[in-house]
Amino acid sequence: MIADGPLRFWLDYVEREGALCERKSEFAEVLLPSNLQRSLQLPEALRVTSDPEVAAAESALLLMPGHAALDAAASEVLSRGDVGRGYVPWPASAAPTATTLITQARENIGVEHGRIDLDRDPAPIYYPFLRVGALVTYTLDDRFVEREEACVDARAGTLATEDLRRRILGSSLIGVADTHHTTLGPELGRAIAGAHAALCERTALRSRTLERQAQSALREECVRVDAYYAAALASLAARSESAEARRQTLLDAQAEATRLEHRRRVQEIELKFRVTREIAPFRLHVVFLPALALNVVVRRGERRYPLRLDWLLPAARFATPCCPRCNTCAPLIAGRSSLHCRGCSTDAMSA
Ligand SMILES: [Zn+2]
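Please read these numbers as outputs of a predicted model, since none were measured by experiment. (Residues numbered from 1 in each chain as written. Predicted model: local features only at pLDDT ≥ 70, side-chain atom pairs only at ≥ 80, totals over all residues. Heavy atoms only, no water.)

Looking only at helices and strands, the chain features nine helices and 15 strands. By the compact-globule yardstick of 20 Å for 351 residues, the chain is too spread out, its C-alpha radius of gyration being 30 Å. With respect to the three principal axes, the spread of C-alpha positions in the chain is 100 × 65 × 30 Å. For the chain, long-range pairs separated by at least 24 residues make up 64% of all intrachain contacts whose partners lie at least 6 apart in sequence. Just so you have it, the chain exposes about 19,400 Å², and 52% of that area is on carbon and sulfur atoms. The centroid of the 45 positive side-chain charges in the chain is displaced by 7 Å from the centroid of its 45 negative side-chain charges. (Helix = DSSP H or I, 4+ residues; strand = E, 2+ residues; numbered from the N terminus. Rg over C-alpha atoms; globule rule 2.2 N^0.38 Å. Contact = heavy atoms within 4.5 Å. Areas by Shrake-Rupley, 256 points an atom, 1.4 Å probe, with all protein chains shown as cover. Lys, Arg positive; Asp, Glu negative; His and termini not counted. Charge placed at Lys NZ, Arg CZ, Asp CG, Glu CD.)

Here is the structure:
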């Protein structure tokens, strides 16, 4: 199988480094340049697969997690990192009008006690998102690697919606913007923290699933171990019954040692079936999306609070606005003296 993640990663890597790969359904024919032959310690021409049966039938190299050539490629990519920036091309279609955007803002953003009105006509801008790729090594009885991606709003640090994530990953990016519109800078610290939190949450969920899947194997192994030690203890007890006093003391001590050994063995098994994970980021891409900056005012009676909303053109939706007071992303409230989020209003009440 060459659709398998680790093998695909390895083929992409050697191709980028100058190898020639012919991908077939079950294996790939690879021709390696001399630098890769040296660094991966492989011959010039070889077949690779991740299917043990195909490996045997086609005399192919079985490339599975844990193989030195796969580890070497992964550490090379990690040490080099994949850092860059790119722009989504400016769309040719007509941009929505200010009236449409205000209607959308009233329907989808909404501010408690406030009404959103237009302040200035929308201005074209580029809005940053951060795409983080990471290799996650899970250890559960065995050790294996999976790839994860997180896409976050690089100003707010919040996770992109699934639809937006697909659009960002599916866009062919250009290195330089194809218009002269203003580019908003990313808030990298915030964006990386957001991506890290998302990766932690996703891999924790994956770990729990893996542990659940391993439960029956864990139970089976514990039952086997329990049966083994129960038999050992029963045999010691039988021998002790017919033994003389001195020998009995010795057998009792041996039984106690066996019970301790049993507990230690069970703990060892439980530990073996507990997932540990290690997240190693290897990709950090800032992707700029065509957008429209919409300056609005939020009215509450005579009070007017300025707010900027960003309409993301490829997704046809607004980026989540942050609270003007504390900068977190939470529903906004037009208060009597300021525009703020629910968290800020709780703070104000408790102060
Ligand atoms: Zn706030």
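The next point concerns the pattern of salt bridges. Following the criterion strictly, the structure yields 23 salt bridges and no others. Across the salt bridge formed by R23 and D12, the nearest N and O atoms sit 3.2 Å from each other. Residue R23 is found in strand β1 (residues 20–23), and its partner D12 is found in helix α1 (residues 5–16); the two are separated by eleven residues along the sequence. With a closest N to O distance of 3.1 Å, R47 and E29 form a salt bridge. (Salt bridge = Lys/Arg side-chain N within 4 Å of Asp/Glu carboxyl O.)

On to the packing of aromatic side chains, then. Taken as a whole and judged by the stated rule, the model has seven aromatic pairs. Taking the centre distance of 5.3 Å and the plane angle of 80 degrees together, the rings of W90 and Y126 count as edge-to-face. Here the residue W90 occupies a position in the loop between β5 (82–87) and α5 (98–108), and Y126 occupies one in strand β8 (residues 123–140), the gap between them amounting to 36 residues. (Phe/Tyr/Trp six-rings, centres within 6.5 Å; stacked < 30°, edge-to-face > 60°.)

A few words now on the sheet that holds strand β14 (residues 332–334). An order of β6-β14-β15 is seen for the three strands of this open sheet, with the pairing classed as mixed. This sheet does not close on itself; its edge strands, each paired only once, are β6 (111–112) and β15 (339–341). Pairing between β6 and β14: two bridges, direction parallel. Counted as the bridge partner of V111 is L332 from β14. (Pairing = 2+ DSSP bridges.)

So, about the sheet that holds strand β4 (residues 61–62). Read across the sheet, four strands follow the order β1-β2-β3-β4 without closing on themselves; strand pairing throughout is mixed. Of all strands in the sheet, those with a lone pairing partner are β1 and β4, marking the two edges.

Take unusual backbone geometry next. With a phi angle near 50 degrees, A316 is a residue other than glycine that sits in the positive phi range. Phi angles above zero are rare outside glycine, and N327 is one such case at about 70 degrees. Note that N327 resides in the loop between β13 (317–318) and β14.

In this section: helix α7 (residues 188–241). If you check α7, its first and last C-alpha atoms are 73 Å apart, about what 54 residues at 1.5 Å a residue would give, namely 80 Å. When the local axis directions of α7 are compared, the greatest deviation, roughly 40 degrees, occurs at A214. (Expected span 1.5 Å × (residues − 1). Bend = angle between axes of the 7 residues up to and from the residue.)

Here the chain is partitioned into domain 1 (5–80) and domain 2 (214–275). Relative placement of domain 1 and domain 2: their C-alpha centres are 46 Å apart. (Domains from an automatic or database assignment.)

Below, the discussion takes up the side chain of T137. If you trace the backbone, T137 turns up in strand β8. For T137, a relative accessible area of 14% gives the class buried. Setting aside its immediate chain neighbours within four residues, T137 contacts R143, F144, V145, T276, R277 and E278. (Buried < 20%, exposed > 50% of the residue type's maximum accessible area, 1.4 Å probe, protein only.)

Now for the pairing of strand β11 (residues 276–300). Two strands pair when backbone bridges link them, and β5 and β11 are joined in this way by six bridges, in the parallel orientation. Each residue of the ladder has a partner; that of R85, found in β11, is V286. Pairing between strand β7 (residues 115–118) and β11: four bridges, direction antiparallel. Residue pairing for β11: L118 is matched across the bridge by V296. With 17 bridges joining them, β8 and β11 adopt antiparallel strand pairing. Within β11, the residue paired with F129 across the bridge is V287. Two strands pair when backbone bridges link them, and β11 and strand β12 (residues 303–312) are joined in this way by ten bridges, in the antiparallel orientation. Residue R300 lies in a different strand from β12, and its bridge partner there is R303. Counted between consecutive antiparallel strands, the loop separating β11 from β12 contains two residues, among which G301 sits at a positive phi close to 60 degrees.

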